[in-house]
Amino acid sequence: MKLLSWNINGLRANLAKTPGQSFDAFLRGCDADVLCFQETKLTRAEMSSDLACPDGYDAFYSFSRRKKGYSGVATFVRSAALATLEADTNLCTLQEGRLVQTVHREFVLLNTYCPAHGGNLARKMEFHTFLSAHVASVQAAHPDKPVVLVGDLNVIHKPIDDCGVFEETEGTVWLDQLLSEAGLVDSFRHVHPGASQAYTCWRALTSARETNYGVRIDYILLDGHLLPRLTACGLWPEKEGSDHCPVVATLAVADADAGPTTAAACAKFYPEFAGKQMRMQAFLGGKSSPRRPSPRAGKSAWQQQTFRAFLTAPPPTMILAPAEAGPTESIETIAEFQSVARSWKALLPGRPPPPPLCSGHKEPSLLRTVLKRNDNYGRKFYICAKPEGAPGDPKARCDFFQWAKRPAPVSESTAKRSRPNTES
């Protein structure tokens, strides 16, 4: 059984990056029996039959109830490989859709998306504390089933998992405690204990993925009893579409009685998708029932079109009368236009100057704007255009920085003289 965990950073946004790709094809491209996605950013209202009833998979979604298009996790189980006996998608104590639990014959799977710090450490630790207690409650309720906890924990565990200077945080302490008390094992580090520069998340704003300047915050944590069945675990940095990459583990787990789930939390049982759905393509391609002839057919040349005929009819042909030939004059030669153009050119700044060359690579720098609310808010500055990277990496950004010159203010008298006359 292959298990994949991936912070997808918006399911719909990820799908849109490959135009024409169906959701079924997207799932097949992930090449796993169990897919655990985090940060789906979906709402119940945005669900479609394709998302709720993917071919060959049982789908379980947890949605944020507090903020639209925020957080959210989803678990997809290949029904031919693994039976889902129970499922719960309403467990998140923050009401933000951060946990999906599915119960299988061999284990209990918890798919989670922990909050980032975001300036609110208390909220982050509230969820971590809840998650630890929930793992303990699952172990007590299912003593015969080991727990598998996967997802984006938003915690850097060890210095080897950090591209920069590692600092122990409250989250680090929490993760150490969870592994110890719950008997869980970091499957990637179990297989690759000394692998360096093995990261799962990079800053998209600084293109840090190009130089592999990131952190490892995504995990597949296994109950120690499952370690003998762990045959492989690795990262998939080549899989693009998000600022995270998937973590993939292979377990020697088989379910001879696998089949489609009957768990009520499965998306295929949502009322809006529980009935037999007919897609528009099938509707248009199907045979239409014979229509009774209209008694007014012989008296009028107009007849109402069917919906299908309306969509498939060719556009009407437009016949344009030829324009009368006559002298033409370019607008640029008109005196009024020239006067207005001169006025705007005097009022508005011209073409911006070329960016300065960075000091490290002697290449054109990148213009940025200060967005943080401080004394420099809105000011523009130049930095090296290379991606963020480790110090000393020639492919990484150098330390070049230069404030952009502020445009000279236009005096009121100049503005009045230059303002175009728009009065008729």
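Being a predicted model, the structure only gives us computed values, none of them experimental.

1. Things to note about the overall build of the protein
Turning to step 1, where the next piece is worked out: From N to C terminus, the protein includes 11 helices and 17 strands.
Turning to step 2, where the next piece is worked out: Sorting the 424 residues of the protein into buried and exposed places 40% on the buried side.
Turning to step 3, where the next piece is worked out: By sequence separation, contacts in the protein at least 24 residues apart represent 66% of the contacts at least 6 residues apart.
Turning to step 4, where the next piece is worked out: When the accessible surface of the protein is summed, it comes to about 25200 Å², and 54% of that surface belongs to carbon and sulfur atoms.

2. Brief notes about the side chain of Arg-216
Turning to step 1, where the next piece is worked out: Mapped onto the elements of the fold, Arg-216 is located in the loop between strand 11 (214-215) and strand 12 (218-223).
Turning to step 2, where the next piece is worked out: Here Asp-161 takes part through its side chain, which lies 2.9 Å from a polar atom of the side chain of Arg-216.
Turning to step 3, where the next piece is worked out: Here the side chain of Arg-216 touches Asp-186 through a polar contact of 2.6 Å, side chain to side chain.
Turning to step 4, where the next piece is worked out: Not counting residues within four places of it along the chain, the set of residues in contact with Arg-216 comprises Val-155, Ile-156, Asp-161, Asp-186, Phe-188, Arg-189, Ala-198, Tyr-199 and Thr-200.

3. Quick look at the UniProt feature "active site" (unreviewed entry) in the protein
Turning to step 1, where the next piece is worked out: Mapped onto this numbering, the UniProt entry gives "active site" (unreviewed entry) at Tyr-113, Asp-152 and His-244. Taken together, the annotated residues stretch across 132 residues yet fold into one region, lying no more than 12.7 Å apart by C-alpha.
Turning to step 2, where the next piece is worked out: Secondary-structure assignment places Tyr-113 in strand 7 (residues 108-113).
Turning to step 3, where the next piece is worked out: Ignoring sequence-local partners within four residues, the contact set of Tyr-113 consists of Asn-7, Gln-38, Glu-39, Ser-71, Val-73, Arg-98, Phe-127, Asp-152 and Asn-154.
Turning to step 4, where the next piece is worked out: Polar side-chain contacts of Tyr-113 include one of 3.4 Å to the side chain of Glu-39.
Turning to step 5, where the next piece is worked out: Here Asp-152 shows up in strand 8 (residues 147-152).

4. Some words on the pairing of strand 3 (residues 57-62)
Turning to step 1, where the next piece is worked out: When you tally the buried positions in strand 3, you get six out of six residues, the bulk of the element.
Turning to step 2, where the next piece is worked out: Side chains Tyr-57, Ala-59 and Tyr-61 project from strand 3 onto one buried face, and the interleaved Asp-58, Phe-60 and Ser-62 project onto a second face that is buried too.
Turning to step 3, where the next piece is worked out: Taken together, the six bridges between strand 3 and strand 4 (residues 73-78) define a ladder with antiparallel strand orientation. Looking at the pairing, Tyr-57 lines up with Arg-78 of strand 4.

5. With respect to the packing of aromatic side chains
Turning to step 1, where the next piece is worked out: For the structure on display, the rule yields 13 aromatic pairs.
Turning to step 2, where the next piece is worked out: A centroid spacing of 6.3 Å and a plane angle of 20 degrees characterise the contact between Phe-23 and Phe-26, whose relative ring orientation is stacked. Remark: Phe-26 and Phe-23 occur in helix 2 (residues 23-30); sequence separation between them is three residues, near one turn of the helix.
Turning to step 3, where the next piece is worked out: An aromatic cluster of at least three residues, connected via ring pairs, comprises Trp-6, Phe-23, Phe-26, Phe-37, Tyr-61, Phe-63 and Phe-76.

6. Quick word on the sheet that holds strand 4
Picture the strands of a sheet paired through backbone hydrogen bonds; they go either parallel or antiparallel.
Turning to step 1, where the next piece is worked out: Strand order in this open sheet of six strands is 3-4-2-1-14-13, and the pairing throughout is mixed. Edge strands, defined here as strands with exactly one partner in the open sheet, are strand 3 and strand 13 (230-235). The sheet shows a mean angle of 10 degrees between the axes of neighbouring strands, direction not considered.

7. Some words on the nonpolar core
Turning to step 1, where the next piece is worked out: Core analysis: the largest hydrophobic core is formed by 28 residues, its most contacted members being Met-1, Leu-3, Val-34, Phe-107 and Val-148.
Turning to step 2, where the next piece is worked out: Here the element with the most residues in this core is strand 14 (residues 247-251); it accounts for three residues.

8. Section: the environment of Arg-229
Turning to step 1, where the next piece is worked out: Positionally, Arg-229 belongs in the loop between strand 12 and strand 13.
Turning to step 2, where the next piece is worked out: Residues Arg-229 and Val-253 lie 24 residues apart in sequence; the distance between their C-alpha atoms is 7.2 Å.
Turning to step 3, where the next piece is worked out: Filtering out sequence-adjacent residues up to four positions away, Arg-229 remains in contact with Glu-106, Thr-250, Leu-251, Ala-252 and Val-253.
Turning to step 4, where the next piece is worked out: Of note is the side chain of Arg-229, whose polar atom sits 3.1 Å from the side chain of Glu-106.

9. Observations regarding the pattern of salt bridges
Two side chains carrying opposite charge are able to pair once their charged atoms lie near each other.
Turning to step 1, where the next piece is worked out: Across all of its chains, the model carries 15 salt bridges by this definition.
Turning to step 2, where the next piece is worked out: Between Arg-105 and Asp-255 there is a salt bridge, with the nearest N and O atoms lying 2.9 Å from each other. Placement of Arg-105 in the loop between strand 6 (99-103) and strand 7 and of Asp-255 in the loop between strand 14 and helix 7 (271-274) is noted, with a sequence separation of 150 residues between them.
Turning to step 3, where the next piece is worked out: By relative accessible area, which is 37% here, Arg-105 ends up partly exposed.
Turning to step 4, where the next piece is worked out: Notably, a salt bridge pairs Asp-161 with Arg-216, separated by 2.9 Å at the nearest N-O pair. Taken together, the positions of Asp-161 in the loop between strand 8 and helix 5 (170-182) and Arg-216 in the loop between strand 11 and strand 12 put the pair 55 residues apart, joining distant regions of the chain. Taken individually, Asp-161 and Arg-216 each receive the classification buried, so the pair is uniform in this respect.
Turning to step 5, where the next piece is worked out: By sharing partners, the salt bridges in this structure join Asp-161, Asp-186, Arg-189 and Arg-216 into a single network.

What counts and what doesn't
- Residues numbered from 1 in each chain as written.
- Predicted model: local features only at pLDDT ≥ 70, side-chain atom pairs only at ≥ 80, totals over all residues.
- Heavy atoms only, no water.
- Helix = DSSP H or I, 4+ residues; strand = E, 2+ residues; numbered from the N terminus.
- Buried < 20%, exposed > 50% of the residue type's maximum accessible area, 1.4 Å probe, protein only.
- Contact = heavy atoms within 4.5 Å.
- Areas by Shrake-Rupley, 256 points an atom, 1.4 Å probe, with all protein chains shown as cover.
- Polar contact = N/O pair within 3.5 Å; in protein donor to acceptor, adjacent residues only side chain to side chain.
- UniProt positions renumbered as here; feature names shortened; annotations may be inferred.
- Pairing = 2+ DSSP bridges.
- Phe/Tyr/Trp six-rings, centres within 6.5 Å; stacked < 30°, edge-to-face > 60°.
- Axes fitted to C-alpha atoms, helices over the stretch in contact; angles between N-to-C directions.
- Core = buried A, V, L, I, M, F, W, Y, C linked by side-chain atoms within 4.5 Å.
- Salt bridge = Lys/Arg side-chain N within 4 Å of Asp/Glu carboxyl O.

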